[in-house]
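Coordinates in review
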2 protein chains.
Amino acid sequence: MKVAIAQNNYHVGNFESNTNKIVLQIKRAKEQGAQLIVFSELAVCGYPPLDLLEQQGFIEKAEKAINDILLHTTGITAIVGAPGINNSEEGKKLYNSAYVIANGEIRKVIHKSLLPTYDIFDEYRYFEPSEDNEVVEIEGTKVAITICEDLWDEQPIDQPFAQSRLYKHAPMRKLMAHSPEIIINIAASPFSHNQEYKRRDILRRNASTYNLPLIYVNQVGANTNIIFDGNSKVVNSRGEIVTQLKRFEEDFQFVETSVINQMKITDFNLDDTNIRQIHNALVLGISDYFTKTGFKKALLGLSGGIDSAVVAALACRALGAENVHGLLMPSEFSSDHSVNDAELLAQRLGMTYDIVPIKDIYTSTNNALAPVFPENTFDITEENIQARIRGMLLMAYSNKYGNMLLNTSNKSEAAVGYSTLYGDSNGGLSSIGDLYKKQVYALAEFINSEKEFIPYNTINKEPSAELRPDQQDSDSLPPYYVLDSILFEYIERKQSPKEVISMGFKRSDVEKIVRLVNISEHKRYQFPPILRVSSKSFGEGRRFPIVAKYDF
Amino acid sequence: MKVAIAQNNYHVGNFESNTNKIVLQIKRAKEQGAQLIVFSELAVCGYPPLDLLEQQGFIEKAEKAINDILLHTTGITAIVGAPGINNSEEGKKLYNSAYVIANGEIRKVIHKSLLPTYDIFDEYRYFEPSEDNEVVEIEGTKVAITICEDLWDEQPIDQPFAQSRLYKHAPMRKLMAHSPEIIINIAASPFSHNQEYKRRDILRRNASTYNLPLIYVNQVGANTNIIFDGNSKVVNSRGEIVTQLKRFEEDFQFVETSVINQMKITDFNLDDTNIRQIHNALVLGISDYFTKTGFKKALLGLSGGIDSAVVAALACRALGAENVHGLLMPSEFSSDHSVNDAELLAQRLGMTYDIVPIKDIYTSTNNALAPVFPENTFDITEENIQARIRGMLLMAYSNKYGNMLLNTSNKSEAAVGYSTLYGDSNGGLSSIGDLYKKQVYALAEFINSEKEFIPYNTINKEPSAELRPDQQDSDSLPPYYVLDSILFEYIERKQSPKEVISMGFKRSDVEKIVRLVNISEHKRYQFPPILRVSSKSFGEGRRFPIVAKYDF
């Protein structure tokens, strides 16, 4: 059987555009003699649709999309992800389904059994898990159709307090009773920088365990903060990868199922370095955020520091330098080199910029508050005023010209609350908010590996917020390589402070940092959406209470 | 059997304080000859603990709390809500459990079967549902112990696209096979202004359907944005309410189970008016937010308008007027009466205030931006600058003196995006963000029913943001009574725009408002936590994508 694999970038709720893509590819597949074409999970509505799934009108549009697509399936079978209706009176109203359609008819609707409800996933919020598992015969081949998590009955774990078997059954084990000849998995599996390892492992293990070839079709593209990397693939029944589709791009390929086991095994090394993957993911994330919300132009504050330099470079790649504008907003505490470094960066990237000094606004603010404030007290208040004036100026520019503001905070800062709420925490999207400071440095090096876009001085000077004379970030925190490691153990690996200390970190450092993370929930609650590139990003994937005693 | 009902206010993660409360009440119950004492759902850790449940240290503390409580159960049985461990290798790591402890031992651990995973609830994120249901014999009485949702197998629905039976089985139906003599339900059931009707209906229906008396023990108090109203009760086997504990307060009562069916039926009318309930809930919500985060003093901007007046009055009730400070920040567009009305309000409430005019900061901001902006364009940019200067001044005051800023936006504004991000959307807590404008008026009337705290003029003038000359809110939107009704149908009742129009609203109004709601997700994403008083509050109970085509 000749199968077309359609790896598409879908836009949540844009049924017209999603349906058009699907229909065009069905035509193309037919023209080239395919008997089956496979689209990804929830393809017609895009993933993740969130509470749009609770709107009757949304579901009706999804049903209509399937009915529109149907009309184009004469002489071909298509597997299309879409919400399915639970017609029983019991259970959630919907299923997460794979529609098997052919010759103008819905031949079968297969429902997802294992519903990921952890981290960023909330599938049990919307869907009833399926308890039936049946094989579908397509062109004489018995196909085990599974939906993403259905193959993840056994999960890799890297945390002390987690289960490898989150579910009580394995759909593939049940399906094996019906003697399938091939596994098809339609997915919406998001990128994180170690996800591809886990995913390969899962797919290879399933193929070899059940001794069946496997076709895996993933979504590509970003919706808000979630980035899908594509990377659809074909695995032979020995668990070897024989075909892999593009990463971070739409792709379309054919595979002849009868020869999968004879195909050349391609040694798909993970040739991408970790940081190149992150770079490409972020560029896609920024680009799709703008394209899908209808924005064209971006704006950001350029401080001369490394965070804003990296965001500027990413934005220029994603949107074109002609669509990126910088504001340099020096204060009395800014060093000369800050302005020079920022100007040099903008010139090298080819983006426009303006200089708007904040001194007079800062003075008039202090004057206005003088009758209310005690005399001669310079503290965090005045530091924050500077950050908030900058935030206000950026938003004013954004309002006047329609540029969307990009946030420039990194994950280390967001973790310990070293950002000013309504100041440098502002923005429509955070592009490096899931990167620890050391990863920001690595990304800067990567960006510069082609050409020195980011000035030498920006990378090599001591980080400073420049909100008071001679301030340096390391004044109040351990150096970044220590800070980042402690944060990683506590946040990603969910190690207790006790365990982190036992790894050899200083007790006082660990206790201070953990305390800062815990008391900063209120700041992160109001943070912009953060492009997710790790397995535990701040935002909806990490839900901690603001009001709580963090009792360690 | 004499049963003590302990309706407590728990603090999430504060094991010490929660355990102390529980131990003290066990002693009190013993002293008064009770054989059984019942605490609410997840009592030892507080509800909702969110992702703290994924921290091993947190679970160890919960286990330790149970072991500490154990030691005080000589001669008495206690039912205490706490996380239970799933020792099987399959399924989620935890259960949501009721520990039955007596004489220093854990006699039985009952696990919750139905896990609410909708609106603000994410229980399947953490817990494995129980499939076993067994009756526990306590002092010779067979008790059906159920946990909150376990009795909600049949749900009231008021939306077009919902199921009344969200689950495939009813724990009580299974428990009936073991001939229980009484139902006990431990709960963490949050307040919303129509929840008590639904809850009574559910409890009465369960008691009468199974012909069993029912003891219902709820949590009271607020954790972040979720308010629990208590209102624990005893229902006889005919479904009549015979005892009801206090609302919005801790309470402790005894009931003799053998006489429940002979007790006087108290006609517990819902004597509270809807608006009095909301008032009391919000006062509790503000008070607990401050107490549990360790803040004492509040701050808010006083505009002379009704929203800030109502928040000021609520804050004074919750925290004492001596702990509430107002900033009046008139601009060149502010009318005289705004300042006068705000001053009058502060004086009547007995709170302190300062006046900090924003004119000079506004001028210096415009001057700083003049080289960058086109000449003579006053638009939304300049309106927002004023709101953001005020936001900055409030945060500066908050930083300097440690007062937590209260947000003053209402639900109608938050819905249509009529607030300035990083301006009047600022705050640590939104206290009236779940109240439509018409409810804010009703609350003002209620507050004034005792004494005219809120000036006549504040209530009776036309609402205006006063960000440009002669601005009125109704300039760009239909009047509030229309706006609010459309919003209610779209947000709470999830009616499609088509259906809202068919109810008789103007098509152009409905389409404009629905569009505004949908394009404002990015603003609400960065909004402070909102005290929840409706069945569909903005925040984690309503999760819509920012990047999506809302295709109506």
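Position numbers for residues start from 1 in each chain and track the written sequence from start to end. Each chain is given a letter, starting from A, and each ligand a number, starting from 1, according to the order in which they appear as written. Selection of residues for local features in this predicted model requires a pLDDT of at least 70, selection of side-chain atom pairs for listing and counting requires 80 or more, and totals for whole chains, interfaces and linings are taken over all residues.

Remarks on the overall build of chain A
What counts here: For helices the rule is a DSSP run of H or I covering at least 4 residues; for strands it is a run of E covering at least 2, with both sets numbered from the N terminus onward. Using C-alpha atoms as the atom set, the radius of gyration is obtained and then compared with a globule rule of 2.2 Å times the number of residues to the power 0.38. Three exposure classes are used. Buried residues have 20 or more other C-beta atoms within 10 Å of their own C-beta, exposed residues have 12 or fewer, and partly exposed residues fall in between, all C-beta atoms being placed from the backbone. Distance between backbone-placed C-beta atoms decides contact: two residues are in contact if it is within 7 Å.
Scanning chain A from N- to C-terminus turns up 16 helices and 19 strands. Whereas a compact globule of 552 residues would reach a radius of gyration of roughly 24 Å, chain A reaches 26 Å, a difference of no more than 12%. Taking all 552 residues of chain A together, 58% fall into the buried category. Here the contacts in chain A between residues at least 6 apart in sequence split such that 73% fall between residues at least 24 apart.

Looking at helix α9 (residues 359-369) of chain B
Here is the rule we go by: This arc is taken over the directions from the axis of the helix to the C-beta atoms.
Along α9 of chain B, the residues that are buried comprise Ile361, Tyr362, Ser364, Thr365, Ala368 and Leu369 of chain B. The arc enclosing the buried residues of α9 of chain B, seen along the axis, measures out at 170 degrees, which places them on a common side.

Structural notes on the confidence of the model for chain A
Rules: Predictor confidence is given residue by residue as pLDDT, running from a minimum of 0 to a maximum of 100.
Residues of chain A with pLDDT of at least 70 account for 98%, and the chain-wide mean is 95. Interface confidence for the predicted complex, given as ipTM, is 0.96, next to a pTM of 0.96.

Quick look at the environment of Phe505 of chain A
Residues and elements named next belong to chain A. Structurally, Phe505 can be placed in the loop between α14 (497-502) and α15 (507-519). The class for Phe505 is partly exposed, based on 18 C-beta atoms found within 10 Å. A C-alpha to C-alpha distance of 9.8 Å links Phe505 and Leu483, two positions 22 residues apart in sequence. For Phe505, the contacting residues outside a window of four places in its chain are Ile486, Val500 and Val510.

Thoughts on the pairing of strand β1 (residues 2-7) of chain A
Residue and element names in this part refer to chain A. Put simply, the test is: In short, DSSP must find at least two bridges between two strands for them to pair.
Across the six residues of β1, five count as buried, placing the element largely inside the fold. Both β1 and strand β14 (residues 251-256) contribute to a ladder of six bridges, which runs antiparallel. Bridge pairing in β14 places Val3 opposite Val255. Bridge analysis of β1 against strand β2 (residues 36-38) gives three bridges, and the strand direction is parallel.

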